[in-house]
Amino acid sequence: MQIFICYYPNGLSLNTLILGGSVLESYAYVFLFSIISIVFVTIVTIVPRILSPKAIGEKKLTTYECGEEPIGDAWIQFNVRYYLVALLFVAFDVEVFFLIPWAMVYKNLQGIIFWLEVFLFLVILVLALAYAWAKGVFEW
Amino acid sequence: MELTSLLNTFLGKVIISVAGVMVVFTFNALIAVWLERKISGHIQLRLGPMEVGPHGLLQSAADGLKLICKEIITPQGVDKKLFGVAPYMVFFPSLLMFIVIPFSDRLQVQDLNIGLLYFFSISCIATIGIFMAGWASNNKYSLMGAVRSIAQSIAYEIPIILSILNIVVLTQSLKLSEIVKAQSNMWFIIPQFVPFIIYLISAIAELNRTPFDIPEAESELVAGFHTEYSGMRFAIFFMAEYTNMFLVSAMATTLFLGGWNGPLLPPIVWFFIKTYAIVFIIIWVRWTFPRLRPDQLMNFCWKFLTPLALINLLVTTFILKLF
C-alpha cells in the first residue's frame, strides 16, 4: 500500500481528483469494475483448462450425494414457508426505502409531528409482523 | 510533472483505482484465509499452517496455485448456463462494492452521493448468484443450501438497513466520506452501540458464517450451494466470501468506528487496523459458537433483531427531537 500512497504527491489537489467528476464519470467506474470482474473470472476459469490434467471416467461427472446414486433430480418443491418469509421481507424492504428519504431530512424538520407520523407508519408495519407471528409463519 | 498530468486524465485515474483495488483484493484474499486458519488453529491449541513460508504466510498462495492446476468439472445433469454464470454473479458485486469504500481521506475510487445505499444494494446481488449456483447444481444439498441462504440473507437485510438508518439520521448524508468526517470528534459506536451490535450480528449472518452458516453447514449439507463446484470456480466463491468479509468489516469501520480517523498514524493504516480488528472478531465468533438451527435463526431475526432495530431507530429519533 506504501507504493499506492506515493503516487499522490502533496502538490496535487486530490479532492478534485478523486471526489470530482460528473455523475456519468462516477458510474463509468461501476461499469468498468463490472467488466474487470467478468474478465477476471473468465481468465481464472480458462487458465486451469490449459494447465490441469484431465481425469478419465464417467463417475467424476456424477452428482455428489455422499457416495449414493442420486435418485431423481433436485428440481423439486421446497418448503412454502420460504415464500412467506420472502413476502414479509418485501413489505419491510419497501418500508425501509420509504424511511431513507425521511432519515435524510429528519434533523432539519421542526416539531414532534414528523416523529409521530413515522411512528404510526412503523406501528402499522409492526402489526403486519405481529399478524404473521400470530399466524405461525415463524413456527418451523 | 508527467505523473501529475497522467493522474489528472480519466485514464490515469482508472489505472490507479483498478490497480489499487486489485492489490487490496489480492492482499486480503491471501491474508484473510491465512488469518482464519491461523486464528482457528490457536483457538483450538494448534499451530495452524506452519510449513509454507514463515509461520505459513504463503500457505494461501500455495493453495491458490494448487487450485489453478485442478480440473474444472461440470457434472452431468446441471443447468450448464446457470452453472457457469453463477460464479460471475457472486464475484462481481464484491468487486463493485470496493468503489465506495473510503480507505483514507484521499483514497476512494468514487465518492458516490448515495454511497451507503449503493453498497447495500450491490451486496444483495450476490444472493441471486448463490441461488443460481444452488439451483443449477441439480443437487439436493445445493438446493437446500440455496433456499436457506436466500431466506437468511433477505431476512437479515432488514436489521442491517434499520441500524444504518440511525447513522443516516445523525449525519443527514448517504455519502461515506461525509459520514467519516462527521465522526472526527466522536465515533458513532459510542452513541449508537446497539445498532453496531445489530449490524455486526446481521453482517455475520449475511456472510453465511458460523453461527449462521446453515446454508453451507459442512456436516449436514456438505458445502451447500457450492458442493458441485470444483477447482477455480470453487475458489471464486471462496474469494468472494473472504472479500465480502473484508467489505462488511470496512463498512462497520466506516459507519461506527470512525473510518480513517485516528491520531499519529496515517489514515490508511488506521483504516486497515480497524477493519482487520472487525475481521478478527468475525473469525473469533466463528470458532467460538456452535451452529444455530434454521428456525432459531429466522426467529432470532424476525422476533428479536428487527423489533429491536425499529425500537432503537424510534428512540434515537425521539431523543434527537427532545434536544
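Predicted model, so just to flag it, every value in this text is computed and none were measured.

About the criteria used
- Residues numbered from 1 in each chain as written.
- Chains lettered and ligands numbered in written order.
- Predicted model: local features only at pLDDT ≥ 70, side-chain atom pairs only at ≥ 80, totals over all residues.
- Helix = DSSP H or I, 4+ residues; strand = E, 2+ residues; numbered from the N terminus.
- Buried ≥ 20, exposed ≤ 12 C-beta atoms within 10 Å, placed from the backbone.
- Contact = placed C-beta atoms within 7 Å.
- Core = buried A, V, L, I, M, F, W, Y, C linked by C-beta atoms within 7 Å.
- Domains from an automatic or database assignment.
- Axes fitted to C-alpha atoms, helices over the stretch in contact; angles between N-to-C directions.
- Parallel < 35°, antiparallel > 145°, perpendicular 65-115°, else oblique.
- Nonpolar A, V, L, I, M, F, W, Y, C, P; charged D, E, K, R; others polar.
- pLDDT = per-residue confidence, 0-100.
- Expected span 1.5 Å × (residues − 1).

Digging into the overall build of chain A
So, point 1. For chain A, the count of helices and strands is five helices and zero strands.
So, point 2. Its helices and strands in sequence order give chain A the pattern α-α-α-α-α, from N to C terminus.
So, point 3. Here chain A holds 140 residues, and the buried ones make up 11% of them.

Some words on the overall build of chain B
So, point 1. Tallying secondary structure elements over chain B gives twelve helices and zero strands in all.
So, point 2. Written out in order from the N terminus, the α and β elements of chain B read α-α-α-α-α-α-α-α-α-α-α-α.
So, point 3. For chain B, the spread of C-alpha atoms along the three principal axes comes to 65 × 60 × 45 Å.
So, point 4. Taken across its 323 residues, chain B has 55% of its residues classed as buried.
So, point 5. Sequence separation of at least 24 residues holds for 77% of the intrachain contacts in chain B that already meet a minimum separation of 6.

Considerations on the nonpolar core
So, point 1. Ranked by internal contacts, the top residues of the largest apolar core, which has 118 residues, are Val90, Ala146, Ala155, Ile164, Leu165, Ile236 and Ala252 of chain B.
So, point 2. Sorting elements by how many residues they give to this core places helix H6 (residues 140-171) of chain B first, with 20 residues.
So, point 3. Each of domain 1 (1-69) and domain 2 (80-322) of chain B contributes no fewer than three residues to this core.
So, point 4. Not counting residues within four places of it along the chain, the set of residues in contact with Ala155 of chain B comprises Val85 and Phe89 of chain A together with Met298, Cys301 and Trp302 of chain B.

What to know about the domain arrangement of chain B
All names here are of chain B.
So, point 1. By domain assignment, chain B separates into domain 1 (1-69) and domain 2 (80-322).
So, point 2. When each unit is reduced to the centre of its C-alpha atoms, the spacing between domain 1 and domain 2 is 20 Å.
So, point 3. On the side of domain 2, 16 residues touch domain 1, which itself brings 15 residues to the contact.
So, point 4. When residues of the side of domain 1 that touches domain 2 are traced back to their parent elements, those giving at least two are helix H2 (10-43) and helix H3 (59-68).
So, point 5. In terms of residue count, H2 provides more of the side of domain 1 that touches domain 2 than any other element does, twelve residues in total.

Brief notes about unusual backbone geometry
All names here are of chain B.
So, point 1. Positive phi values are uncommon outside glycine, yet Leu45 reaches one of about 60°.
So, point 2. Residue position: Leu45 is located in the loop between H2 and H3.
So, point 3. You can call Leu45 exposed: it has 6 C-beta atoms within 10 Å.

Re the environment of Phe33 of chain A
So, point 1. Tracing the chain through its elements places Phe33 of chain A in helix H3 (residues 23-51).
So, point 2. Distance in space between the C-alpha atoms of Phe33 of chain A and Leu87 of chain A is 33 Å, their sequence separation being 54 residues.
So, point 3. Beyond its immediate chain neighbours, meaning those up to four positions away, Phe33 of chain A contacts Leu95, Leu96 and Ile99 of chain B.

A closer look at the packing of H2 of chain B against helix H10 (residues 231-256) of chain B
All names here are of chain B.
So, point 1. Running from N to C, H2 and H10 cross one another at 95°; their axes reach a closest spacing of 9 Å. With respect to their mutual orientation, H2 and H10 come out roughly perpendicular. Side by side, H2 and H10 meet where Phe25, Asn28, Ala29, Ala32 and Val33 of the first sit next to Met239, Tyr242, Thr243, Met245 and Phe246 of the second.
So, point 2. Its residues assigned to classes, the contact of H2 with H10 shows eight nonpolar, two polar and no charged.

Side note on the interface of chain A and chain B
Interfaces are often sized by the amount of accessible area the parts lose when they come together.
So, point 1. Between chain A and chain B, the residue contacts involve 63 residues of the former and 70 residues of the latter.
So, point 2. Of all the elements, H3 of chain A adds the most residues to the side of chain A that touches chain B, at 16 residues.
So, point 3. Taken together, the residues of the side of chain A that touches chain B sort by class into 49 nonpolar, seven polar and seven charged.

Notes on the confidence of the model for chain A
Regions with low pLDDT carry predicted coordinates that are not meant to be interpreted in detail.
All names here are of chain A.
So, point 1. Chain-level pLDDT for chain A is 75 on average; 83% of the residues reach the 70-or-more range.
So, point 2. Of all secondary-structure elements in chain A, the lowest mean pLDDT belongs to helix H1 (residues 2-6), at 35, while helix H5 (residues 113-134) reaches the highest, 86.
So, point 3. Overall, residues 1-20 carries pLDDT values under 50, and its contacts beyond four positions in sequence, including any with other chains, amount to 19 contacts.

Details of helix H4 (residues 80-96) of chain B
So, point 1. In a regular helix each residue adds 1.5 Å, so 17 residues correspond to 24 Å; H4 of chain B covers 25 Å between its end C-alpha atoms and thus fits that length.
So, point 2. Those residues of H4 of chain B lying buried are Phe83, Ala86, Pro87, Met89, Val90, Phe91, Phe92, Pro93, Ser94, Leu95 and Leu96 of chain B.

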